[in-house]
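Residue strings, one per chain:
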Amino acid sequence: MTKSTSSAPSQRMLRVGEQVRAAITQVLQRGEVRDPLIEKTVISISEVRMSPDLKIATAYVTPLGVTDHAAVIEALNKHAKFIRGRLGPQLRQMKYMPDVRFRDDTSFDNYRKIDALLRSPEVSRDLDPDADEE
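Numbering of residues starts from 1 in each chain and follows the order in which that chain's sequence is written. Local features in this predicted model are restricted to residues of pLDDT 70 or higher, and side-chain atom pairs are both shown and tallied only at a pLDDT of 80 or more, whereas totals for entire chains, interfaces and linings draw on every residue. Excluding hydrogens and water, the side-chain figures rest on all heavy atoms present in the structure.

**Remarks on unusual backbone geometry**
Link 1 in the chain: At L54, a residue that is not glycine, the phi angle is positive and equals roughly 65°.
Link 2 in the chain: Starting at the N terminus, helices and strands are each numbered in turn, a helix being any DSSP run of H or I of at least four residues and a strand any DSSP run of E of at least two. If you trace the backbone, L54 turns up in the loop between β1 (42-50) and β2 (56-64).
Link 3 in the chain: Classification of L54 by relative accessible area gives buried; the value is 8%. Only protein chains enter the calculation, and the probe is 1.4 Å; a residue is then buried if its accessible area is under 20% of its type maximum, exposed if over 50%, and partly exposed in between.

**A word on the pairing of β1**
Link 1 in the chain: Between any two strands, at least two bridges found by DSSP are needed for them to pair. Taken together, the eight bridges between β1 and β2 define a ladder with antiparallel strand orientation. Along β2, the bridge assignment pairs M50 with A57.
Link 2 in the chain: Here β1 folds back onto β2 in antiparallel fashion, the turn holding five residues, of which L54 has a positive phi close to 65°.

**With respect to the nonpolar core**
Link 1 in the chain: Throughout this description, the term nonpolar core refers to a set of buried Ala, Val, Leu, Ile, Met, Phe, Trp, Tyr and Cys residues connected via side-chain atoms within 4.5 Å. Of all hydrophobic cores here, the largest spans 28 residues; its most connected members are I24, L76 and F102.
Link 2 in the chain: Sorting the residues of this core by element identifies α1 (11-29), β1, β2, α3 (69-78), α4 (80-86) and β3 (99-104) as the ones contributing at least two each.
Link 3 in the chain: In terms of residue count, α1 provides more of this core than any other element does, seven residues in total.

**With respect to the confidence of the model for the chain**
Link 1 in the chain: Each residue carries a pLDDT score, the predictor's confidence in it, ranging from 0 to 100. Chain-level statistics for the chain give a pLDDT mean of 88 and a share of 91% at 70 or above.
Link 2 in the chain: The spread of mean pLDDT over the elements of the chain runs between helix α7 (residues 130-133), the lowest at 56, and β3, the highest at 96.

As structure tokens, then:
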């Protein structure tokens, strides 16, 4: 079997990443992590990317309603081993339990910048079909 040359994640990596995302979400929703910052913050997990060997899970999270994302990310990373231990019942089919790393998800900020650019007068003027008729 030849090794794929593309850097795109495999179907297995995507499937396992989604299972890990759901398991982390359940742990956070049940309030199993005893940290005041994590308990009072609504945390959205947008994606979990798995390493090719499925031993490292990088979770991209967005703390909602908090201006200091770094403090929440740091608190999650501090409790990563505990969270990893709580994932066991949901991920018992896996040979190895992945190490969990938390990163700030900046994709929403990128979407907001693109939206602002598309709504700017310069771009909307170029995109308006009625402007050509005048």
